[in-house]
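Structural characterization, general
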Amino acid sequence: MEKNILRKTLGLIFMVITILCWVGAPILPFTNISNKAIVTTMVVIVGEVFFVSAITLLGKEYWSKIKQWVKNLFSKEN
């Protein structure tokens, strides 16, 4: 039971890191850092790796929730 709680907690932490990477990537080109293209690319790649890791840790139920949320976001409801 404790192992499942640890997996869920770690998966949610990875999901938060993913969201931070996705929010930060479009902002990075407007900052004063050097090698903006390399840093932005690395942030996107790290975000994707954490996303896949989070889904792996959280399991099928969370993946289903994410897919349903995306479907609802892009569905054409009048």
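Residues numbered from 1 in each chain as written. Predicted model: local features only at pLDDT ≥ 70, side-chain atom pairs only at ≥ 80, totals over all residues. Heavy atoms only, no water.

1. Quick word on the packing of helix 2 (residues 36-58) against helix 3 (residues 60-74)
Angle between the axes and distance between the axes: these two values describe a pair of packed helices. As a packed pair, helix 2 and helix 3 sit with axes 6 Å apart at the nearest point and diverge in direction by 125°. By the criterion of interaxial angle, the relationship of helix 2 to helix 3 is oblique. Residues F51, I55 and L58 of helix 2 lie in contact with helix 3, whose contacting residues are K60, E61, Y62, W63 and I66. Of the residues that constitute the contact of helix 2 with helix 3, the class distribution is six nonpolar, no polar and two charged. (Axes fitted to C-alpha atoms, helices over the stretch in contact; angles between N-to-C directions. Helix = DSSP H or I, 4+ residues; strand = E, 2+ residues; numbered from the N terminus. Parallel < 35°, antiparallel > 145°, perpendicular 65-115°, else oblique. Contact = heavy atoms within 4.5 Å. Nonpolar A, V, L, I, M, F, W, Y, C, P; charged D, E, K, R; others polar.)

2. A closer look at the UniProt feature "transmembrane region" (unreviewed entry) in the protein
According to UniProt, the positions carrying the feature "transmembrane region" (unreviewed entry) are residues 12-31 and 37-58. Secondary structure content for residues 12-31 is 65% helix and 0% strand, while the C-alpha to C-alpha distance between its ends is 28 Å. (UniProt positions renumbered as here; feature names shortened; annotations may be inferred.)

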